[in-house]
Amino acid sequence: MPLNCIIKLTNSFNAQYNFNSMEEINDLIEMRIKKLNELRELKIDPYGGRFEPKDKAAVLKNVHAAASKEQLEAETVPASCAGRIISMRDFGKGCFATIQDATERIQLFFSKAVLGEQYAILKKLDIGDIIGVSGRLFRTRTEELTIEVNDFQLMSKSLRPLPEKWHGLKDVEMRYRQRYVDLIVNPQVKEIFAKRSAIIKALRDFLETHDFIEVETPMMHQIPGGAAAKPFMTHHNALDLDLYLRIAPELYLKRLLVGGYERVYELNKNFRNEGISTKHNPEFTMIEFYVAYRDYNFLMDFTEKIFAHVAEKVLGTLKIPYGDDVIDLTPPWPRIPLLEALKQKGVPDSAITDRDSAFAWAREKKLNIASGASHAKILDEIFGEFVEPELIQPTFIIDYPVELSPLSKRKPENPDLVERFELFITAREIANAFSELNDPADQKERFLKQVEAKTQGDDEAHWMDEDYVRALEYGMPPAAGEGIGIDRLVMLLTNSSSIRDVILFPQLKPEQ
């Protein structure tokens, strides 16, 4: 195997992995390649075949936690595990090692007296190698549960050294770029993604218990719709069509309500060609669900139940530590109209009722507002600057201007507003919902206003979707729909400060 195929490393590798120099790294890799070739000369496959461990490290530790040294000696408890070598300590005629499987770490003891000629192969192993072992359980003098190995098999030879154990992989960008190393050396990272899986399962279980069915809708759309966002574009060669990666599944899910389904949901990937920050990622995951014959008031109650269920199921509590705060998910949560929330933060009545006054007030407060911005857009900018950062505990902001919610049903008592809420926790929007507009004439009129806004330069305005209007003309029952941001929910329940910490492989610029 050519050495230069292995040692093309980035200039920052040695600094982040806590080695003294590139020469030291290259020397380590060269030594590992030498061992790999020596193994092959011994007719030992360094990338072994099938090995079926009968045990998991965490299960062994839990099941035998109370077993004494004497009990284990008397019973001869067999054990079989597979995992990555995390540490090795050679004492000549014996060697202690620790392996890490998907659940936990467990100590191994290799004895020359037990292994015979096989013991010499240990000299060819390194930290990072993956092995399978069989043997019996015992306790050392320090009472650590250990497998005395009577047979082992090399499953994969590691050619690159792991980060130095006391420092680990600290560089944030390298952690995201080389998530596979991050998962090896930072156990808390694996816990985050295990919780993410549990959160998604709890959401699915809750919805299905309430008679929702899971569906799948297209990822590529001829018309991007269902949200105010700039789309990514692609091209379909077979159909010779320019298409857009979906920004939301909403309009397809509501077509299913027209078709006769009454409760549907989709766990979906969405793509919005927007900025990247600690709380925004252009590719993100949502769970979106729709229920016929209900409104946004039903969904506020339902949302409180969802969050309480997921928190109890995953964390066992409704009081969640997040940064310096403790978030209390105990229902009920405040429900504050948007315009009232603005007033509470000192926005004058004149700015709330008059566009020019709102523009002047925003400029006075140093907000960068476009000169042609509408009244609703200005109020939305003011809200984002002065209200949103204060919404730490769960809070529903309700009743938005029509212009900001072109797919929402109007409030009967005030047709300038719609029946919509956004849920904010830790100063972030985490859910968005509304009573669905099912009047085809009103929907078409609002689409046309969005088209006008797009021609005037609003890249995030909705497109006209004639087929969706046609679907509404067949009749859609009154309904309520909601989207919950999975990534932000996971951030909340894992006390993570950046959205990239809860996405396994976030998109990054190419390595230099």
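Conventions adopted
Residues numbered from 1 in each chain as written. Predicted model: local features only at pLDDT ≥ 70, side-chain atom pairs only at ≥ 80, totals over all residues. Heavy atoms only, no water. pLDDT = per-residue confidence, 0-100. Contact = heavy atoms within 4.5 Å. Pairing = 2+ DSSP bridges. Helix = DSSP H or I, 4+ residues; strand = E, 2+ residues; numbered from the N terminus. Axes fitted to C-alpha atoms, helices over the stretch in contact; angles between N-to-C directions. Salt bridge = Lys/Arg side-chain N within 4 Å of Asp/Glu carboxyl O. Buried < 20%, exposed > 50% of the residue type's maximum accessible area, 1.4 Å probe, protein only. Expected span 1.5 Å × (residues − 1). Phe/Tyr/Trp six-rings, centres within 6.5 Å; stacked < 30°, edge-to-face > 60°. Left-handed = near helix turned anticlockwise from the far one by under 90°. Nonpolar A, V, L, I, M, F, W, Y, C, P; charged D, E, K, R; others polar.

Asker: How would you explain the confidence of the model for the protein chain if you had to name every residue and give the values?
Answerer: Interpreting fine coordinate detail is not advised for predicted regions of low pLDDT. Residues with a pLDDT of 70 or more make up 95% of the protein chain, whose mean pLDDT is 92. Across residues 5–19 the pLDDT falls below 50, and counting only partners more than four positions away or on other chains, this stretch makes 44 contacts in the model.

Asker: Requested: an account of the sheet that holds strand 1 (residues 78–90), with residues and values cited.
Answerer: Strand order in the closed barrel made by the five strands is 1-2-3-5-4, with mixed pairing throughout. Going from strand to strand, the sheet's axes swing by 55° on average, the running direction of each strand aside. Pairing of strand 1 with strand 4 (residues 130–139) involves seven bridges; the strand directions are antiparallel. Bridging across to strand 4, alanine 82 finds its partner in glycine 132.

Asker: Go over the sheet that holds strand 9 (residues 241–245), please, and point to the residues and values.
Answerer: Taken together, three strands build an open sheet; the order of strands is 7-9-8 and the sheet is antiparallel. In this open sheet, the two strands that pair with only one neighbour each are strand 7 (220–221) and strand 8 (233–236). By the bridge criterion, two bridges tie strand 7 to strand 9 in an arrangement that is antiparallel. Looking at strand 9, one finds that histidine 221 is bridged to tyrosine 244.

Asker: Which residues make up the pattern of salt bridges, and what are the values?
Answerer: All chains considered together, the criterion is met by 33 salt bridges. For glutamate 436, the salt bridge goes to lysine 254, with nearest N and O atoms at 2.6 Å. Placement of glutamate 436 in the loop between strand 18 (428–435) and helix 15 (440–455) and of lysine 254 in helix 9 (residues 250–258) is noted, with a sequence separation of 182 residues between them. The exposure classification of glutamate 436 matches that of lysine 254, with both residues buried. What you see here is one network of salt bridges that share partners, running through Lys35, Asp126, Asp129 and Lys157.

Asker: Hey, could you go over helix 8 (residues 187–209) for me, with residue numbers and the actual values?
Answerer: Across its 23 residues, helix 8 extends 33 Å between first and last C-alpha, which sits within 8% of the 33 Å expected from 1.5 Å per residue. By the burial criterion, the buried members of helix 8 are Val189, Ile192, Phe193, Arg196, Ile199, Ile200, Ala202, Leu203, Phe206 and Leu207. On its buried face, helix 8 is in contact with helix 6 (172–177), helix 7 (179–185), strand 10 (263–271), strand 11 (283–292), helix 10 (296–315) and helix 17 (486–494). Following helix 8 by one or two positions, aspartate 211 adopts a phi angle in the positive range, close to 70°.

Asker: Help me get a handle on the packing of aromatic side chains, residues and values and all.
Answerer: Taken as a whole, this structure holds 16 aromatic pairs when the rule is applied. On the basis of an interplanar angle of 65° and a centroid distance of 5.6 Å, the ring pair of tryptophan 361 and phenylalanine 386 is categorised as edge-to-face. Linking tryptophan 361 in helix 13 (residues 355–364) with phenylalanine 386 in helix 14 (residues 375–386), this pair joins segments that are 25 residues apart in sequence. The class for tryptophan 361 is buried, based on a relative accessible area of 13%.

Asker: Got a sec to walk through the packing of helix 13 against helix 14? Specific residues and values, please.
Answerer: Remark: helix 13 packs on helix 14, axes separated minimally by 9 Å, with the N-to-C direction vectors making an angle of 35°. For the pair helix 13 and helix 14, the sense of crossing is left-handed. Of the residues in helix 14, those touching helix 13 at Arg355, Ala358, Phe359, Trp361 and Ala362 are His375, Ile378, Leu379, Ile382 and Phe386. For the contact of helix 13 with helix 14, the class distribution of residues is eight nonpolar, one polar and one charged.

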